[in-house]
Amino acid sequence: MPNGKTEQRLPAASGKVIGDHDYSLMDTTSGGTKRKNSPITPTKSTAPPLKVKSTKDSSEMVNASLVEAIEKLTSKMDSFGDQLRENSVMVASIAKLVELNATEIKECKIKIQTMEKEVPRLIKENNELKEKVTELERYKRRWNLKIHGLKEKADEKTRDVVMSILSKLAPQWNTSMESVVDSAHRIGRKEEGRDRQIIIQFTMRFHRDAIWKMSKNSKICKDLGIHFKQDFCKADREARAAAWPKMEQARMAGQNVYYRGHVGYINDADAFFGRVKDWTPTVDESFRNACDADISMEEVERAVNCLSLDKSPGSDGLTSNFYKHFWKYIKDLVFNMLKEISESNILPTTMKQGTIILIPKPGKNPKLIDNLRPITLLNNDYKILTHIYANRLKTGISQIISETQSGFLKGRSIHNNIRLVLDLLDYNYLVEDGFILFLDFFKAFDMIEHKFMFHTLETFGFGENFKNF
């Protein structure tokens, strides 16, 4: 059954079925065609005709399919158009948002730039405010002292107990102790088995400082098992704690260490002068001998002439006008007194005394003690003695004071340094690398230490008599 066609067999005339034909049995010799026992070729039956649709029907079906496809495509295009429009609207919204964000970012950048300019000022103001608050707190505590170790009793009257202790330390104030102590109370929460410390606030700094000095190495405090301490603010306590390791190390090394308020000091004068001794100038022998010489009457009279007239006197009430007016009557008495002082190296009590007057600083709050400038009125006999040694120093002080110090010496003017600073500013382009440094000593005359002064005089080469004076 080639090509999948069904073979049909037809019935023969004899009523027998004829088998498959075989053309090899046919006789093809000339003279005619004869069959030799060959089977009869079957006659193929006519196949039924195929049903084929007409061209018109096929065209309609194609058209219908095309229409359907076009409609689907159109629907998809419409849907795509809707999505495209939605996306366009969304993109437009995003563009507006981006533009809005860009504007806000620009505004934020401007604000950040403004804040960057403001931040340093705010930091500076904040630091200044912190310093002012700390200074106010530190100033407030200068009237306070603390007592540690005093046994706490039930229902005690703390102020009365404190005044009783202070009366033993300063019996001269027994009658006025009520006006000396402003307040006294325990601080902190009361706990079983713990004696809280006491804080005392005095009415005057004078009383507070006096009690503080009296309490040091006091037998009364040792017998009671108590000790007084200064009242520091948190910043000062932290500063002292941070400085203590170095202070302790210096103390163990044999150096003189001490606190002044919250500031720690290490006095290593020997090491300092050892480093600067080789390049420190010294006075010559003639100047050293002149400073060590005995006091002469000529020097005393010259010193009296140096006294300014119409000035306030010291505690003895003797003005400079008195000394000059009665000089011919009292000069021997004054000379012998000064000669005895020079020989014994002992000052009388009245020369160690002074009357302190507080003068308010211009433009500052006079209620704050730091804004009051103390002026000490000294006796004129003490001024005469100091003028004698000052006049001696003037004759050769330039040997050890550099020319760069333009002030406080006769023949020199501080205006020279002002001119020098202006010249440096005008010709700064001639200097490749440099700077101008201005220093101001905080309370310079309150920080003078006698031991350091003696080291200084010795390094400069002054004699023993002058150093002892």
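Summary of the structure given here. (Residues numbered from 1 in each chain as written. Predicted model: local features only at pLDDT ≥ 70, side-chain atom pairs only at ≥ 80, totals over all residues. Heavy atoms only, no water.)

## Topic: the overall build of the protein chain
- For the protein chain, the count of helices and strands is 15 helices and ten strands.
- Within the protein chain, the proportion of its 469 residues that are buried is 22%.
- A separation threshold of at least 6 residues defines the contact pool for the protein chain, and within that pool the share at least 24 residues apart is 58%.
- Counting every atom, the protein chain has about 35,600 Å² of accessible surface; 57% of that belongs to carbon and sulfur. (Helix = DSSP H or I, 4+ residues; strand = E, 2+ residues; numbered from the N terminus. Buried < 20%, exposed > 50% of the residue type's maximum accessible area, 1.4 Å probe, protein only. Contact = heavy atoms within 4.5 Å. Areas by Shrake-Rupley, 256 points an atom, 1.4 Å probe, with all protein chains shown as cover.)

## Digging into a nonpolar patch on the surface
- A surface patch of nonpolar side chains, amounting to about 690 Å² of accessible area, comprises Ile418, Leu420, Leu422, Leu424, Leu425, Ile436 and Phe438.
- Following the sequence through the fold, leucine 422 ends up in helix α13 (residues 415–426). (Patch = residues over 30% accessible without salt bridge, like charges linked within 9 Å, V, L, I, M, F, W, Y side chains within 5 Å. Salt bridge = Lys/Arg side-chain N within 4 Å of Asp/Glu carboxyl O.)

## Describing unusual backbone geometry
- One non-glycine residue, asparagine 217, lies in the positive phi region at around 55°.
- Following the sequence through the fold, asparagine 217 ends up in the loop between α4 (205–215) and α5 (219–224).
- A residue is classified by how much of its surface remains accessible, and asparagine 217, at 72% relative accessible area, is exposed.
- The residue phenylalanine 408 is not glycine, and still its phi comes out positive at about 70°.
- By relative accessible area, phenylalanine 408 is classed as exposed at 80%.

## Describing helix α14 (residues 450–460)
- His455, Thr456, Leu457, Thr459 and Phe460 are the residues of α14 that are buried.
- Those residues of α14 hidden inside the fold are in contact with α7 (269–276) and α15 (464–468).
- Where α14 terminates, the next one or two residues include glycine 461, which has phi positive at roughly 95°.

## Some thoughts on the side chain of arginine 141
- As for its placement among the helices and strands, arginine 141 is situated in the loop between α1 (55–140) and β3 (144–148).
- A distance of 2.9 Å separates polar atoms of two side chains, one belonging to arginine 141 and the other to glutamate 137.
- Among residues more than four places away in sequence, those in contact with arginine 141 are Asp231, Phe232, Cys233 and Arg237. (Polar contact = N/O pair within 3.5 Å; in protein donor to acceptor, adjacent residues only side chain to side chain.)

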